[in-house]
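# Commentary on secondary and tertiary structure
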Amino acid sequence: MTLIFKDWLRSIGRFLADKYRRRVLLLAVLCLIALVEFFALGLARRTFVFYTVDNGKVTVEDRLLKRASSREGNLTRYVEEALLGPVAPDLLPLFPRETRLGSLLFRDGVVYADLSPEAVLPPEEGGVVVDSFRTLNEGILRNFSFVRDVRFFISGNAAYVDGFRL
């Protein structure tokens with residue numbers, strides 16, 4: 001038994017003696033670990049869009065988001081993450097920090113999102129409320145190709161600005 005074990009160790013040593021084989025083996029092991037982690041955790045990369053007032057431009061931020069079992073669940077997680085604000089400390093949030101998602105419904109390609117009353121207030125750090133809603137709207141449409149339209153509600157009331165539906 002020990003002879004077989006010693007022979008096996010020698011063959012592994014000869015295989016790993018070559019620098020190219022060692023690198024390919026390490027790369028294969030890393031790919032295997034990444035694949036197992038991906039399927040075990042069920043993470044999917046989604047793009048989150050945040051509006052910065054300082055530069056007056058839209059900044060894109062990527063985050064790993066755990067998959068939900070339904071489209072509605074994925075949309076809910078996306079909106080909740082967007083309401084939390086950006087991870088980068090130099091970016092400004094879209095909405096005030098107290099803003100919460102009351103409910104979200106996805107039917108026939110339309111997302112109905114009911115936000116807390118704090119959503120109508122501009123963030124303390126600065127920003128325009130209409131731009132925040134437009135940015136969240138575009139982020140949903142950009143990240144979820146199956147969504148045709150997004151309708152926002154504030155405490156059950158439809159969000160309108162001068163006759164324009166958000």
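Let us look at the structure shown here. (Residues numbered from 1 in each chain as written. Predicted model: local features only at pLDDT ≥ 70, side-chain atom pairs only at ≥ 80, totals over all residues. Heavy atoms only, no water.)

For helix 4 (residues 129-143), spanning 15 residues, the distance from its first C-alpha to its last is 21 Å, which sits close to the expected 21 Å at 1.5 Å a residue. The complete set of buried residues in helix 4 reads Val-129, Val-130, Ser-132, Phe-133, Thr-135, Leu-136, Asn-137, Gly-139, Ile-140 and Asn-143. (Helix = DSSP H or I, 4+ residues; strand = E, 2+ residues; numbered from the N terminus. Expected span 1.5 Å × (residues − 1). Buried < 20%, exposed > 50% of the residue type's maximum accessible area, 1.4 Å probe, protein only.)

Between helix 1 (residues 2-17) and helix 2 (residues 19-41), whose axes approach to 5 Å, the crossing angle comes to 100°. Here helix 1 lies roughly perpendicular to helix 2, going by the angle between them. Residues Arg-14, Phe-15, Leu-16 and Ala-17 of helix 1 pack against Lys-19, Arg-21, Arg-22 and Leu-25 of helix 2. Class assignment for the residues of the contact of helix 1 with helix 2 results in four nonpolar, no polar and four charged. (Axes fitted to C-alpha atoms, helices over the stretch in contact; angles between N-to-C directions. Parallel < 35°, antiparallel > 145°, perpendicular 65-115°, else oblique. Contact = heavy atoms within 4.5 Å. Nonpolar A, V, L, I, M, F, W, Y, C, P; charged D, E, K, R; others polar.)

This part is about the packing of aromatic side chains. Applying the stated criterion across every chain, the model contains seven aromatic pairs. With a centroid separation of 5.5 Å and 85° between ring planes, the pair formed by Tyr-78 and Phe-144 is classed as edge-to-face. Note that Tyr-78 is positioned in helix 3 (residues 71-84) and Phe-144 in the loop between helix 4 and strand 5 (149-154), a separation of 66 residues in sequence. On the basis of relative accessibility, which here comes to 1%, the residue Phe-144 falls in the buried class. Connected via pairs of aromatic rings, a cluster forms that spans Tyr-78, Phe-106, Phe-144 and Phe-146. Of note, Arg-71 hangs over the ring of Phe-146, and the distance from its end group to the ring centre comes to 4.2 Å. (Phe/Tyr/Trp six-rings, centres within 6.5 Å; stacked < 30°, edge-to-face > 60°. Lys NZ or Arg CZ within 6 Å of the ring centre and 35° of its normal.)

Attention now goes to the packing of helix 3 against helix 4. For the pair helix 3 and helix 4, the least separation of the axes is 11 Å and the interaxial angle reads 145°. In the crossing of helix 3 with helix 4, the sense of the turn from one axis to the other is right-handed. Only Leu-136, Gly-139, Ile-140 and Asn-143 of helix 4 make contact with helix 3, whose side of the interface consists of Leu-75, Tyr-78, Val-79 and Ala-82. Here the residues of the contact of helix 3 with helix 4 sort into six nonpolar, two polar and no charged. (Left-handed = near helix turned anticlockwise from the far one by under 90°.)

Moving on: a nonpolar patch on the surface. On the surface, Phe-5, Trp-8, Leu-9 and Ile-12 cluster together to form a nonpolar patch covering roughly 400 Å² of accessible area. Locating Trp-8 in the fold gives a position in helix 1. (Patch = residues over 30% accessible without salt bridge, like charges linked within 9 Å, V, L, I, M, F, W, Y side chains within 5 Å. Areas by Shrake-Rupley, 256 points an atom, 1.4 Å probe, with all protein chains shown as cover. Salt bridge = Lys/Arg side-chain N within 4 Å of Asp/Glu carboxyl O.)

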